[in-house]
Amino acid sequence: MKRMSETLLLRYGVAIVLPAVAAFVVHLRSPLTETPFFVFLGVIVLSAANGGLAPAFVSTALSSLLIRLIFIQPAGTLHYGGDLEGMEQMIGFVLVAILASSFVAGLRREREHLRDSE
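Residues numbered from 1 in each chain as written. Predicted model: local features only at pLDDT ≥ 70, side-chain atom pairs only at ≥ 80, totals over all residues. Heavy atoms only, no water.

Peer 1: How would you explain the packing of helix 1 (residues 8–28) against helix 4 (residues 53–72) if you had to name every residue and give the values?
Peer 2: Between helix 1 and helix 4, whose axes approach to 8 Å, the crossing angle comes to 25°. Taken as axis vectors, helix 1 and helix 4 run roughly parallel relative to one another. At the point where helix 1 passes helix 4, the crossing takes the right-handed sense. Here Arg-11, Tyr-12, Ala-15, Ile-16, Pro-19, Ala-20, Ala-23, Val-26 and His-27 of helix 1 come into contact with helix 4, specifically with Ala-54, Pro-55, Val-58, Ser-59, Leu-62, Ser-63, Leu-66, Ile-70 and Phe-71. (Axes fitted to C-alpha atoms, helices over the stretch in contact; angles between N-to-C directions. Helix = DSSP H or I, 4+ residues; strand = E, 2+ residues; numbered from the N terminus. Parallel < 35°, antiparallel > 145°, perpendicular 65-115°, else oblique. Left-handed = near helix turned anticlockwise from the far one by under 90°. Contact = heavy atoms within 4.5 Å.)

Peer 1: Now, about the confidence of the model for the protein: what can you tell me, with residues and values included?
Peer 2: For the protein, per-residue confidence averages 82 on the pLDDT scale, and 84% of positions sit at 70 or higher. When mean pLDDT is compared element by element in the protein, helix 3 (residues 37–51) scores highest at 89, while helix 2 (residues 30–34) scores lowest at 75. (pLDDT = per-residue confidence, 0-100.)

Peer 1: Describe the side chain of Ser-47, with residues and values.
Peer 2: The residue Ser-47 is located in helix 3 in this model. Accessibility expressed as a relative area gives 0% for Ser-47, which makes it buried. Excluding its chain neighbours within four sequence positions, the residues that come into contact with Ser-47 are Ala-15, Leu-18, Gly-52, Pro-55, Ala-56 and Ser-59. (Buried < 20%, exposed > 50% of the residue type's maximum accessible area, 1.4 Å probe, protein only.)

Peer 1: Help me get a handle on the nonpolar core, residues and values and all.
Peer 2: In terms of nonpolar packing, the biggest core is built from 15 residues, with Phe-37, Phe-40, Leu-41, Ile-67, Ile-72, Met-90 and Phe-93 touching the most fellow members. The leading source of residues in this core is helix 3, at five residues. Excluding its chain neighbours within four sequence positions, the residues that come into contact with Ile-67 are Pro-36, Phe-37, Phe-40, Ile-72, Met-90 and Phe-93. (Core = buried A, V, L, I, M, F, W, Y, C linked by side-chain atoms within 4.5 Å.)

Peer 1: Report on the environment of Phe-103, specifying residues and quantitative values.
Peer 2: You can see Phe-103 is positioned in helix 5 (residues 84–117). For the pair Phe-103 and Ala-49, spaced 54 residues apart in sequence, the C-alpha separation works out to 9.6 Å.

Peer 1: So what's going on with the packing of aromatic side chains? Which residues, and what values?
Peer 2: Applying the stated rule across the entire model yields one aromatic pair. Taking the centre distance of 5.5 Å and the plane angle of 45° together, the rings of Phe-37 and Phe-93 count as tilted. Note that Phe-37 is positioned in helix 3 and Phe-93 in helix 5, a separation of 56 residues in sequence. Each member of the pair, Phe-37 as well as Phe-93, carries the same accessibility label: buried. (Phe/Tyr/Trp six-rings, centres within 6.5 Å; stacked < 30°, edge-to-face > 60°.)

Peer 1: I'd love a proper account of helix 3, names of residues and values included.
Peer 2: Over its 15 residues, helix 3 extends 21 Å from the first C-alpha to the last, a length consistent with the 21 Å expected when each residue adds 1.5 Å. If you check which residues of helix 3 are buried, you get Phe-37, Phe-40, Leu-41, Val-43, Ile-44, Ser-47, Ala-48 and Gly-51. The buried residues of helix 3 occupy an angular sector of 155° when the element is viewed end-on, so they sit on one face. Away from the buried face of helix 3 by more than 90 degrees, exposed residues Phe-38 and Leu-46 are located. Positive backbone phi, at 105°, marks Gly-52, one or two positions downstream of helix 3. (Expected span 1.5 Å × (residues − 1). Arc of directions from axis to C-beta.)

What follows is the structure, given as structure tokens:
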């Protein structure tokens, strides 16, 4: 029988809830609104440690969307043209998030294999 922390609902629940909590925390703390990437990167690492690579990718997608819509995109605009700097930041964030989540998910898999082999 699987433990509660191993259920898919909990894995993906954490991956979905953590970016929303991070957006709320970053929005309340004025120094963090200038560089929200570090807070969201921590969220993605936690999601990878809790659920593995697939939930981390869900968390990466949601974090990217929240950062883009709340912290990079000017309020009240739906126009995305001419914002090359914002897109470069987002691409860099997504690449770093994928690398970090892959590393953490690999560590998680190795820990599980070691635990299973004992």
